[in-house]
Amino acid sequence: MKAFAHFIIALAVAALVMLAFRGLAFTVCTIGGNALAPVFERGDRVLVNRWSYGLRTGRKGSIFNYGRICRRDIKRGDIVAFDSPADSLSGVFICRCKAVPGDTIATASGTVIVPGLATCADGNYYWMESINRKDSADSRLFGFVPESNIIGRVCMVVYNHDDTQPFYTGYNTNRLLLLTEH
């Protein structure tokens with residue numbers, strides 16, 4: 001009986017460590033569309049580094065004020081995961097950062113030109129865009145993304161699974177542990 005209690009305690013500690021690691025260091029997000037093709041495909045499970053721009057503390061609706069521990073700048077060209085800034089949309093979005101604070105932008109026929117007219121300069125706002133522009137949800141739909149919504153940088157594809165298949169089939173072995181370009 002004593003060995004069983006040690007096993008349960010070890011299992012509980014391992015689960016707590018795993019949850020803390022996943023919640024504080026990394027998270028896995030699923031690519032649900034083809035807006036980032038050919039870099040990412042539908043069904044890719046990507047690893048997001050929560051520490052890439054500093055650990056986010058507090059957020060909208062939280063009792064804690066927003067801040068970042070060990071803050072680092074988000075760079076133009078980074079592929080980042082962020083919470084939707086629009087009230088009408090929910091979930092985590094993954095896009096490429098096209099404009100950072102201090103940049104100015106203009107949209108002409110869906111193209112972002114830096115410099116241009118509207119500005120990101122007032123505070124910590126970013127312009128995010130998908131690679132494939134057709135039917136994608138990005139800053140052209142919901143506007144600037146505040147830094148407080150940014151979760152972290154996408155660092156690798158962990159695996160790809162076709163969600164129309166059972167969990168034990170439908171894996172694409174060519175998309176296993178792929179590092180992203182940065």
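The structure under discussion appears in the preceding block.
Residues numbered from 1 in each chain as written. Predicted model: local features only at pLDDT ≥ 70, side-chain atom pairs only at ≥ 80, totals over all residues. Heavy atoms only, no water.

Caption draft 1: Spatial organisation of the packing of aromatic side chains. With the rule as written, the count across this model stands at five aromatic pairs. A centroid spacing of 6.1 Å and a plane angle of 25° characterise the contact between F82 and F93, whose relative ring orientation is stacked. Pair noted here: F82 is in strand β5 (residues 79–83) and F93 is in strand β6 (residues 92–99), with a separation of eleven residues, a long-range link. Using a relative accessible area of 0% as the deciding quantity, one classes F82 as buried. The class for F93 is buried, based on a relative accessible area of 15%. Between the aromatic rings of Y159 and Y171, the centroid separation amounts to 5.8 Å while the plane-to-plane angle is 50°, which identifies the pairing as tilted. Of this pair, Y159 sits in strand β11 (residues 150–160) while Y171 sits in the loop between β11 and β12 (178–179); the two residues are twelve residues apart in sequence, bridging distant segments of the chain. Since its relative accessible area comes to 30%, Y159 is described here as partly exposed. A residue is classified by how much of its surface remains accessible, and Y171, at 45% relative accessible area, is partly exposed. (Phe/Tyr/Trp six-rings, centres within 6.5 Å; stacked < 30°, edge-to-face > 60°. Helix = DSSP H or I, 4+ residues; strand = E, 2+ residues; numbered from the N terminus. Buried < 20%, exposed > 50% of the residue type's maximum accessible area, 1.4 Å probe, protein only.)

Caption draft 2: Region of the structure containing the pairing of β11. Buried residues dominate β11, accounting for eight of its eleven residues. Relative to β11, strand β2 (residues 44–49) runs antiparallel, the two sharing six bridges. Bridged to V48 within β11 is V154. Strand direction decides the pairing type here: β5 and β11, joined by three bridges, are antiparallel. Of the residues in β11, the one forming a bridge with V80 is R153. The sheet contact formed by β11 and β12 spans two bridges and is antiparallel. Bridging across to β12, M156 finds its partner in L179. (Pairing = 2+ DSSP bridges.)

Caption draft 3: Up close: the nonpolar core. Formed by 14 residues in total, the largest nonpolar core has its most connected members in I74, V80, F82, Y126, M128 and I150. Where this core is concerned, the elements lending two or more residues are β5, β6 and β9 (125–129). Element by element, the count of residues in this core is highest for β6, at three residues. The contacts of I74, once residues within four sequence positions are left out, are Y53, V80, C97, V100, Y126, E147 and I150. (Core = buried A, V, L, I, M, F, W, Y, C linked by side-chain atoms within 4.5 Å. Contact = heavy atoms within 4.5 Å.)

Caption draft 4: Inspection of the pattern of salt bridges at higher detail. This structure, assessed with the given rule, holds seven salt bridges. One continuous salt-bridge network, built from bridges that share partners, spans E41, D44 and R175. (Salt bridge = Lys/Arg side-chain N within 4 Å of Asp/Glu carboxyl O.)

Interpretation note: all reported values are geometric properties and have no functional meaning in isolation.
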